[in-house]
Amino acid sequence: YGIHPALLDAALHGIALGTLFDRPQENEGSQGRMPFSWTGVSLHAVGPDELRVRISPAGSGETVSLDVADTAGAPVARVDGLLLRKMAGDQLRAATSRSDSSHETLFRLDWPTQATKGSATAPLARAALIGEDSLKITETLFDTGVHLESYADFGALAAAADAGTAVPDIVLLACSPEPAGLAEPVHTAVHRALEQARNWLEEERFAESVLAIVTRGAVATEPGEDVSDLAHAAVWGLTRSAQSENPGRFLLADLDDDERSVRKLPDALVSGEPQLALRGGTVRVPRLSRARVEVDSLPAGLDPDGTVLITGALGSLGRTLARHLVSWHGARHLLLTSRRGPAAEGAEELRAELEQMGATVTVASCDAADRDAVEALLAQVPVAHPLTAVYHTAGVLDDGTLSSLTPRKVDRVLRPKVDAALHLHELTRELDLSAFVLFSSAAGVLGGAGQGNYAAANGFLDALAQHRRAHGLRATSLAWGLWAQDGDGMAAGASAAGDTDGAPTTRSGIAPLSTEEGLELLDTGIVLDSPLLIPMKIDIRALRAQAGTGSVPQLLRGLVRAPARRARTATRAASGAGSLRDRLAGLAEPEQTSMLEELVCLHVAAVLGHQDASAVVPDHEFADSGFDSLTAVELRNRLNTATGLRLPATLAFDHATPAELAARLRTDLLAAQPATARTSEAAARPGAPSDGEPSHSLLTQYTRAFETGKWKEIFDLLHATAALRPRFRTAAELDRLPRPVLLSKGSAAHPMFCFSSCLAVAGIHQYARYAASLRGRRNVSALALPGFGRGESLPEDIGAVMEAQAVAVAEAADGAPAVLLGSSAGGWFAHGTAARLARMGAEPAAVVLVDTYVPKSSILNQFGLSLMDGMTEREGVFVTMDDDRLSAMGWYLNMFGTWEPEPLPTPTLLVRATEPLSTGSMLLDDLPDWRSFWELPHDTVDVRGNHFSMMEEYSVETAQAIEDWIERRLPR
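Everything quoted here is computed from the prediction, not taken from an experiment.

A. Here's a closer look at helix 32 (residues 883–895). Taking 1.5 Å per residue as the helical rise, helix 32 with its 13 residues ought to reach 18 Å, and the 18 Å between its terminal C-alpha atoms agrees with that figure. Across the 13 residues of helix 32, ten count as buried, placing the element largely inside the fold. Along helix 32, the residues classified as buried are Asp884, Arg885, Leu886, Ser887, Ala888, Met889, Gly890, Trp891, Tyr892 and Met895. N-capping of helix 32 is provided by Asp882, with a side-chain oxygen placed 3.2 Å from the backbone N of Asp884.

Quick look at the structure:
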């Protein structure tokens, strides 16, 4: 209205407080009056710098009228009635003396420093890195003592698991920063992250591990910090949604350029925090806090001569915003856009309404995701009324759980938000804007089941606002919670937690905002000097109820704290799955079934919003109960917590009724009973063997044999057990050839194939850390030996295993001359496979033997038993030793007992350790000529470390020594 309505309101309040009302006295009984409600407010003129106000009684003693004029006496405004309410002196003093306060429904995202004590007693000792080390963190993590393995992709990790290598508890995925300013990298990054997340969730072998997505510059922890990787800010949004759907399966970590932060990463990964950022070697965690609002802050009025652009203006939210900017912010020139423009339903009516309110309105058809269209639109803004403010409200919803999202559904949501925001950012950055407001969603901050694509789009908007602020440009992103109004677009369903109706919203602790509340928060939010604010109504009582069970999202834990007693209860709940199995163990099958049906019905009732579990009948079909993908995910998450199982998200669709689901739970729970518990139960039965008697497990007998010195007897038993297993004579007889697992990718001319040792704890993991040193340089693959996997056939003789591995290598190399490498006894298989390939006409380029001893070596015989005695120390870390692995070891060691390698024309390198291996009470330095040797022609290089550490702690140096030799010996 020329005079900003908020300024007029403040002026009238100030006049009332300073001139009309009683000044409060110091005694408690004194009272003053405060403005309460206004009626009959009309404006007659605009533009005066000074006002004269006449205050007159109007009706009752509590109501006055106001006549407002300029200094010449010309009318400016009239207030027919201002109702006053009495306020006690102490109340008035508190209201007038407080300079700022915490807003009840306006939040910010803080990143306080967090001490990383770790969720486990031991630090992170083993992890795997999938794909390229784009953040260059491998060597630093090596230095911290982490056994970091390398796998080219999830398929390679799964193949290693098939070969018996245990999947580490933490699997890292490093995300290379993308350039800012382009929409395509954002789409590509989100597509890639979606595919990786789905691969992770679909592979049952990864079910007990956490995928840690590591970025650099994708979040900001300080107000002025830049978000340099906008593409992966969107990935953070997607992953937050994935965390909502799949608790405990994903972790987000963002690094800066400080090496101290990488060194702190292992501690941070086991801290129990699902999201964190490392800055200068300190760990920061995200927490919502209430925004501080200064009482005397007033929104800056919009330039009445400037043009205000609103995208998505013909949706219900855009219409509401347009009316508000005209009536409350003095906007006089509006440019309203949507894809249909004037053809949109109600467009002409809205234009007429706004013009009747005193504004000049242009309704234009413009796809804001089309840069050329936006550029043409801005070129039409009249010079007399330049663009001074942008409000970006455009957006669409296409919800779906992670398993149902597709690149097309992702792009449909990203395009109107991400692409359009980037175009507006680039094309207006040279303009003097008073406002650049992005309408985002709390889904980008809190996640939300079924809203991965929407969370990604809004996570990007939040980051873009931060990026603009860091570069000196105006920007505010308002990450809205749920609006209660009916309509389309954001207002229709942009719930913070993916809720779309009242009941789930109440359970989640997020309540809907009324239109009036939303507009008030808009006015407050654009005043505050913050790039990101979260306007959202939180039901604190609902959160407190969740706090007692430990289910409050960690982002919200700064707002509500559980009492100490309830915290202990939550801790005890972690062992609930074990107690459930204990209760089942003491019941007969009918009672077990009844108890689990009651459990399922209880959680189904909670998910569907029923007050009582009796509303759910065990034989009532899920399809008739109103289950959808979101409620199915919530049911799965609840049952995972209650049972300790890893159940699929499709649980409610894989079983017709709660009764069928309960039967599935009974089977899974009994199968998941810990071996220690089964052993204890067996020991308690009459007639069970005592502690001094051997059990039927080969591992138990193997351990006891070395404790009692019966090593010959145990190897006789292992070989005899292996002799009963099926065997193959040729590669054609195998159901499946040994599969080379790709550990790293590179462009070097000669791919490298690594061969496992034949110890029971050996396998593909032997080379995962070595391969990490060669990422980006050379393709490195590893093969497991046939017969070590559960149910696999053993080779009839050495020729059979060499043929199988030679065929597998030839197929994988696809004609490229390969480098064959074997560490320890793996060197036997590298040499033997090279000989077989030569006879096949596919002679390898080179053979590398890493601290390999000839089988007949007396040194090998002297410390070999000590090595195998120490296998139990490594059992369970990389592989779980079982009867198949132990008997296979016995078979192979017996088979190679008299083996002598045949001469090869292939260039061969022997890599020797410079430090002796100490095993038990034996130090090899006490033995003459303890270093490894090879009787056939070869080159030799010595590297730092002992038999094991040269491929672990010093793997980088070992890899470089081998690469230097390859460079010298092999033609390019």
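Continuing now.
B. Expanded view of the packing of aromatic side chains. For the coordinates displayed, the defined rule picks out eleven aromatic pairs. When the ring of Trp200 is compared with that of Phe206, the centres are 5.0 Å apart and the planes differ by 20 degrees; the resulting orientation is stacked. We classify Trp200 as buried; its relative accessible area is 0%. With a centroid separation of 5.0 Å and 65 degrees between ring planes, the pair formed by Phe829 and Phe896 is classed as edge-to-face. Of this pair, Phe829 sits in helix 29 (residues 826–839) while Phe896 sits in the loop between helix 32 and strand 30 (908–913); the two residues are 67 residues apart in sequence, bridging distant segments of the chain. By relative accessible area, which is 0% here, Phe896 ends up buried. Pairwise contacts between aromatic rings join Phe788, Trp828, Phe829, Tyr892, Phe896 and Trp899 into one cluster. Residue placement shows Arg468 over the ring face of Phe436; its charged tip is 3.8 Å from the ring centre.

C. Here's a closer look at the pairing of strand 30. Within strand 30, five of the six residues are buried, which leaves the element mostly enclosed by the surrounding structure. As paired strands, strand 29 (residues 846–850) and strand 30 are joined by four bridges and run parallel to one another. Bridge pairing in strand 30 places Val847 opposite Thr908. Pairing between strand 30 and strand 33 (residues 939–943): five bridges, direction parallel. When the bridges of strand 33 are listed, Val911 appears paired with Val941.

D. Focus on helix 23 (residues 658–671). Over its 14 residues, helix 23 runs 20 Å from end to end, which matches the ideal 20 Å to within 8%, given 1.5 Å per residue. The set of residues buried in helix 23 consists of Pro658, Ala659, Leu661, Ala662, Leu665, Arg666 and Leu669. For helix 23, the arc enclosing every buried residue in end-on projection is 155 degrees, short of the 170-degree limit, so these residues lie on one face.

E. Inspection of the nonpolar core at higher detail. Counting 126 residues, the largest nonpolar core has Tyr151, Ile534 and Ile962 as the members making the most contacts within it. A total of nine residues in this core trace back to one element, the largest contributor, which is helix 13 (residues 452–470). Apart from the residues within four sequence positions on either side, Ile534 is in contact with Thr105, Leu106, Phe107, Arg108, Leu109, Leu288, Ala442, Val445 and Ala479.

F. Expanded view of empty space enclosed by the protein. Summed over the entire model, instances satisfying the criterion amount to six cavities of 30 Å³ or more. Of the pockets and cavities examined, the largest cavity occupies roughly 50 Å³. Partitioning the lining of the largest cavity into residue classes produces six nonpolar, three polar and one charged.

G. Seen up close, the side chain of Thr657. Looking at where Thr657 falls in the secondary structure, it is placed in the loop between helix 22 (651–654) and helix 23. Its relative accessible area of 10% is what places Thr657 among the buried residues. The residues touching Thr657, leaving out its near neighbours within four places in the chain, are Pro618, Asp619, His620, Glu621 and Phe622.

H. Examining the confidence of the model for the chain more closely. Residue-level pLDDT values for the chain average 82, and 80% of them are 70 or greater. Contacts from residues 1–7, a stretch scored under 50 in pLDDT, to residues over four places away or in other chains number 24 contacts. A low-confidence stretch, residues 563–575 stays under pLDDT 50, and its non-local contacts, those more than four residues away or across chains, total six contacts.

I. Region of interest: the packing of helix 6 (residues 230–245) against helix 13. Following both chains from N to C, one finds helix 6 and helix 13 inclined at 140 degrees, their axes separated by 7 Å at the closest point. As far as their axial angle goes, helix 13 and helix 6 are oblique. At the point where helix 6 passes helix 13, the crossing takes the right-handed sense. On helix 13, the residues that touch Leu230, Ala233, Ala234, Gly237, Leu238 and Ser241 of helix 6 are Gly452, Asn453, Ala455, Ala456, Gly459, Phe460, Ala463, Leu464 and His467.

Definitions and cut-offs
Residues numbered from 1 in each chain as written. Predicted model: local features only at pLDDT ≥ 70, side-chain atom pairs only at ≥ 80, totals over all residues. Heavy atoms only, no water. Helix = DSSP H or I, 4+ residues; strand = E, 2+ residues; numbered from the N terminus. Expected span 1.5 Å × (residues − 1). Buried < 20%, exposed > 50% of the residue type's maximum accessible area, 1.4 Å probe, protein only. Polar contact = N/O pair within 3.5 Å; in protein donor to acceptor, adjacent residues only side chain to side chain. Phe/Tyr/Trp six-rings, centres within 6.5 Å; stacked < 30°, edge-to-face > 60°. Lys NZ or Arg CZ within 6 Å of the ring centre and 35° of its normal. Pairing = 2+ DSSP bridges. Arc of directions from axis to C-beta. Core = buried A, V, L, I, M, F, W, Y, C linked by side-chain atoms within 4.5 Å. Contact = heavy atoms within 4.5 Å. 1 Å grid on protein atoms, 1.4 Å probe; cavity = no way out; pocket = protein on both sides within 12 Å on 5 of 7 lines; lining within 4 Å. Points joined across faces, edges and corners; volume = space filled by probe spheres on them. Nonpolar A, V, L, I, M, F, W, Y, C, P; charged D, E, K, R; others polar. pLDDT = per-residue confidence, 0-100. Axes fitted to C-alpha atoms, helices over the stretch in contact; angles between N-to-C directions. Parallel < 35°, antiparallel > 145°, perpendicular 65-115°, else oblique. Left-handed = near helix turned anticlockwise from the far one by under 90°.

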